[in-house]
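# Architecture at a glance
The chain contents come next:
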Amino acid sequence: MKANIAVLPGDGIGPEVVAEALRVLHAIERRHGHAFTLTSFDFGGAAIDAHGDGLPAATLAGCLAADAVLLGAIGGPKWGPTAKVRPEPALLRLRAELGVYANLRPITVLPALRDASTLKPEVLDGVDMLFVRELTGGIYFGRKARDGDRATDECAYTVGEVERVTRVAGRLARTRRRKITQVDKSNVLETSRLWRAVSERVIREEFPDCSIEHMLVDSAAMHLIRRPADFDVVLTENLFGDILTDEASMLAGSLGVLPSAALGDGRRGLYEPIHGSAPDIAGRGLANPCGTILSTALLLRHSLGLETEAREIETAVAAALGAGARTAEIAATGHAPLSTSKMGDAILDALA
Ligand code: IPM
Ligand code: MG
């Protein structure tokens with residue numbers, strides 16, 4: 001298969017983890033006789049430094065023309081909250097321009113990492129959940145204003161925005177345990193009452209073989225830690241999804257091993273690890289490339305329809321971890337951790 005993949009290494013540890021993911025992608029390409037054209041573009045802080053814009057026109061054009069986009073991470077202290085131009089709005093703009101309104105964030109506990117979590121191992125048995133986070137609406141995209149001593153961030157959702165992301169959750173639930181937990185703050189927020197009514201109707205009418213329950217976000221934050229194995233598909237708005245997926249990542253033992261996919265109506269998607277740019281460890285070979293490597297597996301599955309190849313990558317990552325390969329943040333005390341590229345080697349070996 002021929003495919004064009006736009007690559008956005010970004011900032012901090014982004015370039016390091018993307019480099020390992022590209023090695024894995026090339027190995028898959030050779031083994032299965034595919035022809036992937038990989039083109040790198042400046043994005044985020046690196047693009048602000050080079051072009052004064054976090055999402056230069058050439059980068060956006062390259063992403064829109066690609067079959068899929070692989071992103072490392074963006075941001076850093078150099079472009080902090082008081083900087084004139086910040087990288088985060090570039091990421092929001094890219095998500096909006098690509099129309100990727102559904103953010104899939106799977107949380108599974110790899111058997112090899114059962115002891116890496118701060119939670120008791122028995123709480124983690126059977127954890128296998130998939131967050132479907134709305135990604136191009138809500139408070140992230142509402143009107144923002146600063147007026148004297150008052151600041152405003154508006155949160156708005158339309159029926160259509162909730163319907164389409166609920167359908168994604170419904171379709172994915174059908175490939176899993178068919179249970180959807182929709183999370184909101186409907187005891188306080190009007191947008192949440194819309195979410196509750198619309199998601200309930202869509203699932204009842206279009207996915208009658210699936211169940212939907214509704215949960216307040218504060219309660220969900222608690223139950224995610226108390227009884228995480230009960231969750232299957234978790235459907236929620238942009239801001240709650242941002243917060244809850246960082247929380248849920250701790251079930252997996254490390255933010256470093258978790259991938260994500262952002263999808264819209266077509267096949268093109270934006271794939272990135274859940275972790276950030278970790279500027280404190282950038283350039284030192286300490287970063288865990290697993291989240292980005294697993295994101296390429298999602299890319300192959302969702303944008304290119306290459307399920308076998310996706311599974312090969314997932315199996316190789318699990319095998320490398322199972323054989324004891326560990327980067328610094330998950331290495332047991334007394335065990336020498338692998339560098340980012342040695343972890344890449346271990347996964348490539350497991351693939352061979
Ligand atoms: C994420 C990140 C982004 C978000 C930031 C970098 C804007 O935290 O992808 O979860 O809040 O969506
Ligand atoms: Mg986040």
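See the structure shown above.
We now turn to the structure provided with this report. (Residues numbered from 1 in each chain as written. Chains lettered and ligands numbered in written order. Predicted model: local features only at pLDDT ≥ 70, side-chain atom pairs only at ≥ 80, totals over all residues. Heavy atoms only, no water.)

### Let's talk about the overall build of the protein chain
Tallying secondary structure elements over the protein chain gives 12 helices and 12 strands in all. For the protein chain, whose C-alpha radius of gyration is 20 Å, the value lies close to the compact-globule estimate of 20 Å for 352 residues. Its C-alpha atoms put the protein chain at 50 × 50 × 40 Å along the principal axes. A separation of at least 24 residues holds for 75% of the contacts in the protein chain among residues at least 6 apart in sequence. (Helix = DSSP H or I, 4+ residues; strand = E, 2+ residues; numbered from the N terminus. Rg over C-alpha atoms; globule rule 2.2 N^0.38 Å. Contact = heavy atoms within 4.5 Å.)

### Section: unusual backbone geometry
Positive phi, close to 60 degrees, is recorded for Arg178, a residue that is not glycine. You can see Arg178 is positioned in the loop between helix H6 (159-173) and strand E8 (179-184). Phi is positive for Ala278, close to 40 degrees, though the residue is something other than glycine. Position of Ala278 relative to the elements: it lies in the loop between strand E12 (269-273) and helix H10 (290-302). On the basis of relative accessibility, which here comes to 23%, the residue Ala278 falls in the partly exposed class. (Buried < 20%, exposed > 50% of the residue type's maximum accessible area, 1.4 Å probe, protein only.)

### Description of the site of ligand 1
Every residue near ligand 1 is listed here: Glu88, Arg95, Arg105, Arg133, Tyr140 and Asp242. In this structure, Arg105 approaches ligand 1 through a side-chain N or O atom, which is 2.9 Å from an oxygen atom. Within the side chain of Tyr140, one N or O atom sits 2.5 Å away from an oxygen atom of ligand 1. If ligand 1 stood free it would expose 320 Å²; the protein chains cover 76% of that surface. Among the detected pockets, ligand 1 sits in the second largest pocket. (Near = heavy atom within 4 Å. Polar contact = N/O pair within 3.5 Å; in protein donor to acceptor, adjacent residues only side chain to side chain. Areas by Shrake-Rupley, 256 points an atom, 1.4 Å probe, with all protein chains shown as cover. 1 Å grid on protein atoms, 1.4 Å probe; cavity = no way out; pocket = protein on both sides within 12 Å on 5 of 7 lines; lining within 4 Å. Sits in = over half its atoms within 2 Å of the grid points.)

### Notes on the pairing of strand E11 (residues 259-263)
Summarising burial for E11: 5 of the 5 residues are buried, a large majority. Side chains Pro259, Ala261 and Leu263 of E11 all project onto a buried face; the interleaved residues Ser260 and Ala262 project onto the opposite face, where all are buried too. Here 3 bridges tie strand E4 (residues 102-108) to E11, and the two strands are oriented antiparallel to one another. Its bridge partner lying in E11, Ala102 is registered against Leu263. Alignment of E11 against E12, held across 5 bridges, turns out to be antiparallel. When the bridges of E12 are listed, Ser260 appears paired with Glu272. (Pairing = 2+ DSSP bridges.)

### Some points on the pattern of salt bridges
As enumerated under the stated definition, the model contains 24 salt bridges in all. For the salt bridge of Glu307 with Arg301, the shortest nitrogen-to-oxygen distance reads 2.7 Å. (Salt bridge = Lys/Arg side-chain N within 4 Å of Asp/Glu carboxyl O.)

### Overview of the layout of surface pockets
Of the pockets and cavities examined, the largest pocket occupies roughly 680 Å³. Looking at the lining of the largest pocket, the elements that each hand over two or more residues are E4, strand E5 (128-134), H10 and helix H11 (307-322). Ranked by the residues each element gives to the lining of the largest pocket, the list is headed by H11, at 6 residues. Looking at the lining of the largest pocket residue by residue, the classes come out as 14 nonpolar, 4 polar and 8 charged. Shared between two domains, the lining of the largest pocket takes at least three residues from each, and those domains are domain 1 (1-100 + 257-352) and domain 2 (118-251). Counted as a void, the second largest pocket has a volume near 570 Å³. Lining the second largest pocket are 27 residues, and of these Glu88, Leu91, Arg95, Tyr140 and Asp242 sit closest to its centre. (Points joined across faces, edges and corners; volume = space filled by probe spheres on them. Nonpolar A, V, L, I, M, F, W, Y, C, P; charged D, E, K, R; others polar. Domains from an automatic or database assignment.)

### Structural notes on the side chain of Asn238
Among the secondary structure elements, Asn238 is positioned in helix H9 (residues 238-249). A polar contact of 3.3 Å, which involves the side chain of Asn238, links it to the backbone oxygen of Leu135. A polar atom in the side chain of Asn238 sits 3.0 Å from the backbone oxygen of Gly137. Those residues in contact with Asn238 that lie beyond four places of it in its chain are Arg133, Glu134, Leu135, Thr136, Gly137, Tyr140, Phe141 and Tyr157.

### Points about the packing of helix H1 (residues 14-32) against helix H12 (residues 340-351)
Remark: H1 packs on H12, axes separated minimally by 9 Å, with the N-to-C direction vectors making an angle of 20 degrees. One element, H1, and the other, H12, form an angle in the roughly parallel class. H12 is crossed by H1, and the crossing has right-handed handedness. On H12, the residues that touch Glu16, Glu20, Arg23, Val24, Ala27, Ile28 and Arg31 of H1 are Thr340, Ser341, Gly344, Asp345, Ile347, Leu348 and Leu351. Tallied by class, residues from the contact of H1 with H12 come to 6 nonpolar, 3 polar and 5 charged. (Axes fitted to C-alpha atoms, helices over the stretch in contact; angles between N-to-C directions. Parallel < 35°, antiparallel > 145°, perpendicular 65-115°, else oblique. Left-handed = near helix turned anticlockwise from the far one by under 90°.)

### Some thoughts on the packing of aromatic side chains
Centre-to-centre distance and the angle between the planes together describe a pair of aromatic rings. Per the stated rule, a full pass over the model turns up 1 aromatic pair. Between Tyr157 and Trp195 the ring centres are 5.3 Å apart and the planes differ by 90 degrees, which places this aromatic pair in the edge-to-face class. Of this pair, Tyr157 sits in the loop between strand E7 (150-153) and H6 while Trp195 sits in helix H7 (residues 190-206), and the two are 38 residues apart along the sequence. Its relative accessible area of 9% is what places Tyr157 among the buried residues. Its relative accessible area of 1% is what places Trp195 among the buried residues. (Phe/Tyr/Trp six-rings, centres within 6.5 Å; stacked < 30°, edge-to-face > 60°.)

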